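Take a look at the letters that make up each chain.
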Amino acid sequence: TRTHIKLIRGGVVYSTVDIERFEVSGDLNANPYVQSGDVIQIPRVEGLVTVKGAVFGRGENRLRAPTTDAPDLTRERTSEGIYELTSDARVSDVITQAGGITPWADLSNSYVDRLVVGGKGERQRIPVDLRRIIFQHDSASDLEMADFDVVVVPAIDTLVYVEGEVTNPGPFLYVPGLRATDYVGQAGGPALNGRASSTCII
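About the cut-offs
Residues numbered from 1 in each chain as written. Predicted model: local features only at pLDDT ≥ 70, side-chain atom pairs only at ≥ 80, totals over all residues. Heavy atoms only, no water. Helix = DSSP H or I, 4+ residues; strand = E, 2+ residues; numbered from the N terminus. Rg over C-alpha atoms; globule rule 2.2 N^0.38 Å. Phe/Tyr/Trp six-rings, centres within 6.5 Å; stacked < 30°, edge-to-face > 60°. Lys NZ or Arg CZ within 6 Å of the ring centre and 35° of its normal. Pairing = 2+ DSSP bridges. Axes fitted to C-alpha atoms, helices over the stretch in contact; angles between N-to-C directions. Buried < 20%, exposed > 50% of the residue type's maximum accessible area, 1.4 Å probe, protein only. pLDDT = per-residue confidence, 0-100. Contact = heavy atoms within 4.5 Å.

Peer 1: What is the right way to look at the overall build of the protein chain in this model?
Peer 2: Summing up its helical and strand segments, the protein chain has four helices and ten strands in all. Each helix and strand of the protein chain, ordered N terminal to C terminal, gives the series β-β-α-β-β-β-α-β-β-α-β-β-β-α. A compact globule built from 202 residues would reach a C-alpha radius of gyration of about 17 Å, whereas the protein chain, at 23 Å, exceeds it by more than 25%. Each principal axis of the C-alpha atoms in the protein chain carries an extent, and together these give about 80 × 45 × 30 Å.

What follows is the structure, encoded as structure tokens:
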């Protein structure tokens, strides 16, 4: 576990270390200093939950930086990671663990994929409205997590259309941080008859 690590000093539990809380919030009390002779005891995890889709991710599961020449920009807009499940954790808690939602997350169509008890591996889909949970703080909608749950946050297929006198007009995947010239470049640049100085955004 990363959340209930015991720091033993002088034969007694001196402090409980919560690496997750330290990494998410920067709380120094969750990551105390150690002294010579201290013992750090790491218990087994209570459970695991997978979060995938339009979340930023953390550590090695973090979204890669978008590049205009990437062969598949869709893969750079989603992440997938396995995170420790703590007692009484809810959807909002594991979303925070996973780095939070991206601007292109489809909040209304998210869901939890859960194992059916006694179902011999069968899983059920439980819809969750992340818009109500995150922005309206609706605790009734904030589902309590179970071991081996999978939280899925779909990505909205956002597109930018480049039309007019360019070499290859058409739709291009929206990537946060890109400018109009980047999309014109993806469209092959202005054609011979194109007048770049009159380019506009609608």
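Having seen the model, we can carry on.
Peer 1: Sorry if this is basic, but what is going on with the packing of aromatic side chains here?
Peer 2: How two aromatic rings sit relative to each other is given by the distance of their centres and the angle of their planes. A complete count under the given rule lists one aromatic pair for this structure. Aromatic pair Phe 56 and Trp 104: ring centres 6.5 Å apart, planes at 70 degrees, arrangement edge-to-face. Note that Phe 56 is positioned in the loop between β4 (48-53) and β5 (79-84) and Trp 104 in the loop between α2 (91-97) and β6 (110-115), a separation of 48 residues in sequence. Across the ring face of Tyr 14, the terminal group of Arg 9 is positioned such that the distance to the ring centre comes to 3.9 Å. Sitting over the face of the ring of Tyr 111, Arg 125 holds its NZ or CZ atom 3.8 Å from the ring centroid.

Peer 1: Could you clarify how one ought to interpret the sheet that holds β5 in this entry?
Peer 2: Across a sheet, paired strands are connected by hydrogen bonds in the backbone, their directions being either parallel or antiparallel. In space, the five strands of this open sheet follow the order β5-β4-β8-β6-β7, with mixed pairing throughout. Of all the strands in the sheet, the pair left with one neighbour each is β5 and β7 (123-128). Taking the axes of each pair of neighbouring strands and ignoring which way they run, one obtains an average angle of 20 degrees across the sheet. Pairing of β4 with β5, which is carried by six bridges, proceeds in the antiparallel orientation. The residue bridging Lys 52 from the neighbouring strand is Glu 80, located in β5.

Peer 1: Whenever I open this one, the sheet that holds strand β1 (residues 5-9) confuses me. Can you help?
Peer 2: Pairing in this open sheet of three strands is antiparallel, and the strands run β2-β1-β3 from one edge to the other. Each edge of the sheet is formed by a strand with only one pairing partner; in this case those strands are β2 (12-17) and β3 (39-41). Strand-to-strand, the axes of this sheet are offset by a mean angle of 30 degrees, without reference to chain direction. Inspection of the sheet shows β1 paired to β3 by three bridges, in the antiparallel sense. Across the sheet, residue Ile 8 finds its bridge partner in β3, namely Val 39.

Peer 1: For this particular structure, what's the right way to read the pairing of strand β8 (residues 150-153)?
Peer 2: Alternating residues of β8 divide into Val 150 and Val 152 and Val 151 and Val 153, and every residue in both groups is buried. Across three bridges, β6 lies against β8 in antiparallel orientation. The residue bridging Asp 113 from the neighbouring strand is Val 150, located in β8.

Peer 1: What exactly am I supposed to notice about the confidence of the model for the protein chain here?
Peer 2: Regions with low pLDDT carry predicted coordinates that are not meant to be interpreted in detail. When pLDDT is averaged along the protein chain, the result is 87; 93% of the residues meet or exceed 70. Ignoring residues within four places in sequence, the model shows residues 66-71, a span with pLDDT below 50, making six contacts including any to other chains.

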